[in-house]
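Structure assessment
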Amino acid sequence: MNSPAIRQNTESLSDLFAPHLEAVEKRTASALEATGFESLLLHAGNPPLLFLDDHHLPFKVQAPFKVWAPLSDAPDSFVFFTPGRKPVLLIHQPIDYWHKSPETPKDYWVAGFDIVSCADRAAARAALPKDLSRTAFIGAAFQELVSWGVKAINPEHLITHLDYPRAAKTPYEIACLREANVLGARGHAAAEKAFRAGASEFEVGLAFMAGCGQRERELPYNPIIALNEGGAVLHYQVQQRIRPPELHSMLIDAGAEFAGYASDITRTHSHHDAEFAQLIRRFDELQLELCARAKAGVDWRHFHQWSYRAISEYLHEVGLIRVSADEAVDSALTSVFYPHGIGHLLGLQVHDVGGQQLGPVGGTIDRPYNHPFLRLTRKLEDGFVVTVEPGFYLIDQLLEEAKAKPLGKMIEWKRVEQLKPFGGIRIEDNVVARNGGSENLTRAAFHA
Ligand code: GLY
Ligand code: MN
Ligand code: MN
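What counts and how
Numbers given to residues run from 1 along each chain, matching the order in which its sequence is written. Think of it this way: whatever chain is written first is A, whatever ligand is written first is 1, and the rest follow in order. Since the coordinates come from a predicted model, pLDDT governs what is reported: local features require at least 70, and pairs of side-chain atoms require 80 or more to be given and counted, while whole-chain, interface and lining totals use all residues. Just so you know, side-chain values use all the structure's heavy atoms and leave hydrogens and water out. Think of it this way: any DSSP run of H or I at least four residues long counts as a helix, any run of E at least two long counts as a strand, and we number them from the N terminus. Here the globule rule reads 2.2 Å times residues to the power 0.38, and the radius of gyration is calculated from C-alpha atoms. With residues, only the protein chains shown are counted as cover, and all accessible areas are computed by Shrake-Rupley using a 1.4 Å probe. None of His or the chain ends enter the tally, which takes Lys and Arg as positive and Asp and Glu as negative. In plain terms, the charge of a residue is placed at NZ if it is Lys, CZ if Arg, CG if Asp and CD if Glu. Here, proximity means that at least one heavy atom of the residue falls within 4 Å of the molecule or strand. The buried label applies to any residue whose accessible area, calculated with a 1.4 Å probe on protein chains only, is under 20% of its type's maximum; exposed applies above 50%, and partly exposed to all values in between. N or O atoms within 3.5 Å of each other form a polar contact, as long as, within protein, one can give a hydrogen and the other can take it, and as long as residues adjacent in sequence are counted only when both atoms are side-chain atoms. In this description, contact between two residues means that some pair of their heavy atoms is separated by no more than 4.5 Å. At least two DSSP bridges between two strands are required for those strands to pair. Interaxial angle, 0 to 180 degrees, is taken between N-to-C directions of lines fitted to C-alpha atoms, where a helix line uses only the stretch in contact. As a rule, N, O and S atoms within 2.8 Å of a metal are its donors, except that Na, K and Ca use 3.2 Å; water is not among the atoms, so sites may look incomplete. Metal sites are grouped by the angles between bound donors: all angles between 85 and 135 degrees with four donors is tetrahedral, opposite donors over 155 degrees apart with the others between 65 and 115 is square planar for four donors and octahedral for six, and any other pattern is irregular. We define the nonpolar core as a collection of buried residues of types Ala, Val, Leu, Ile, Met, Phe, Trp, Tyr and Cys that are connected through side-chain atoms lying within 4.5 Å of one another.

Tallying secondary structure elements over the protein gives 13 helices and 18 strands in all. Scaling as 2.2 N^0.38, a compact globule of 448 residues should have a C-alpha radius of gyration of about 22 Å, and the protein matches this with 24 Å. Summarising its shape, the C-alpha atoms of the protein cover approximately 75 × 45 × 45 Å along the three principal directions. Accessible area of the protein: about 20,200 Å², with a carbon and sulfur share of 54%. For the protein, the distance from the average site of its 45 positive side-chain charges to the average site of its 55 negative ones is 1 Å.

Written out as structure tokens, the structure reads:
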């Protein structure tokens, strides 16, 4: 694996990987049994071609494949699994003088697999059993697959069965998420330094990547780096090359990846304004109080309501609203400033799968009325990894809409104007829910 320096020694990762693979095998076996398949074929995916061009977009390995093998740079590889047998990794190693073929992996995880090198798809097909008529395929279908004779392509009921247990992470996965946080924290430290030195958004982005030792395509998502009022755009994507004449604040939402697992971290910084720095400190306390409450047994819909209540109190305290926190909650005034969910599942995908699933066979746990953007509605269980990301923003569009309604009278407009140049505040950590407690991977990483 071509990964940056890590603290975790590979010995302990290999100790953790074997039981992880065993757990994945066990839950896959029961999913296959429940859905009437005998084996599973997973595809790593391929980088898409640009329209009418011979260039590819960056390759991103597909999550159902990387649950098994942290192989991020071998497109067109497969994992084949039959319960009771060692999984087979068909690694695509083309003979190609235009590109470097992926090397045969030698990392801590390879002992779990029989590894077969395949120069092309025909070789991969030849290495699989002749009869695939009881096999399910998961991945983006390709043309030749029609003739491979699999029983089903991306059967929904099987995918549902496989998604549901991914919410609770194995100790190996938590170790990977811990490393992803360490790398992300390094990036954030470098980004803050660049911001303090007067860098543009673009330069802060370069500093972030250098800090975590990852190029852009290796990051789990495009970093959100917003100076000043750009912080009010929730997924601000611009990265201006020219820095604004006056610096007030920076909101940076950026994470790193380790062995396919993502960190998703947000920090807000004041450049020199002492009052805004104090607002950030106070918001940080609120965020930490929420993190401490992310324990097993908590219904995430209630957790979101707690955050909604806490932010309503904060808005009252800092003078953005003229009404009590109770009134802000009852009237949904708080949504003008806090229009997103408190967090989501995190893992192989930044917004990990199964967040609203009622059970392994499917069904949906609805989002609470008035909170249409909440991505997680399940009850936390031991080992769930979630983000806790409260925020408040001065968003022109939402403020304008509110102004035209009775809600407008509840807003302290002078205070809005005063804070607009700072954009907003979001603080986001990655937290493991435990029985009787919670473990904050991000705070630990910043102190590592
Ligand atoms: N970085 C996207 C999010 O926080 O969900
Ligand atoms: Mn984020
Ligand atoms: Mn997030």
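Moving on to the site of ligand 1. Taken together, Tyr221, His235, Asp253, Asp264, His344, His351, Glu389 and Glu428 form the complete shell of residues around ligand 1. A total of 190 Å² of accessible area belongs to ligand 1 in isolation, and the protein chains cover 93% of it.

Turning to the side chain of Lys169, a few remarks are in order. Looking at where Lys169 falls in the secondary structure, it is placed in the loop between α4 (156-163) and α5 (171-196). Assessed through its relative accessible area of 7%, Lys169 is described here as buried. From its side chain, Lys169 meets the backbone oxygen of Leu346 in a polar contact 3.0 Å long. If near-sequence neighbours (up to four positions away) are discounted, Lys169 is found in contact with Ile174, Leu177, Leu346, Gly347, Asp352, Gly383 and Val385.

A few words on the sheet that holds strand β8 (residues 249-254). An order of β7-β8-β11 is seen for the three strands of this open sheet, with the pairing classed as antiparallel. Bordering the open sheet on either side are β7 (224-227) and β11 (265-270), each of which pairs with just one other strand. Looking at each pair of strands side by side, their axes are set apart by 5° on average, direction ignored. Judged from the six bridges that link them, β8 and β11 form a sheet pairing that is antiparallel.

Moving on, we come to the coordination of the manganese ion (ligand 3). Protein ligation of the manganese ion (ligand 3) involves Asp264 (OD), His344 (NE2), Glu389 (OE) and Glu428 (OE), the donor distances falling in the range 2.1 to 2.2 Å. Because the angles between the six donor atoms bound to the manganese ion (ligand 3) fall within 51 to 157°, the donor set is best described as irregular. Written as a sequence motif, the donor arrangement for the manganese ion (ligand 3) is D-x79-H-x44-E-x38-E. A distance of 3.3 Å spans the gap from the manganese ion (ligand 3) to the manganese ion (ligand 2), which Asp264 bridges by coordinating each metal. Residue Asp264 is located in the loop between β10 (261-262) and β11, and its partner His344 is located in the loop between α10 (334-337) and β12 (357-359); the two are separated by 80 residues in the primary sequence. Judged on exposure class, the residue Asp264 and its partner His344 are both buried.

One finds Phe65, Trp68, Trp109, Phe113, Leu158 and Val204 to be the most contacted residues of the largest nonpolar core, which totals 67 residues. At 10 residues, α5 tops the list of elements feeding residues into this core. Those residues in contact with Trp68 that lie beyond four places of it in its chain are Phe17, Leu21, Val24, Glu25, Thr28, Leu42, Val79, Phe81, Pro87 and Phe113. Ile311, Val336, Val386 and Trp413 belong to the second largest nonpolar core, which has 48 residues in total.

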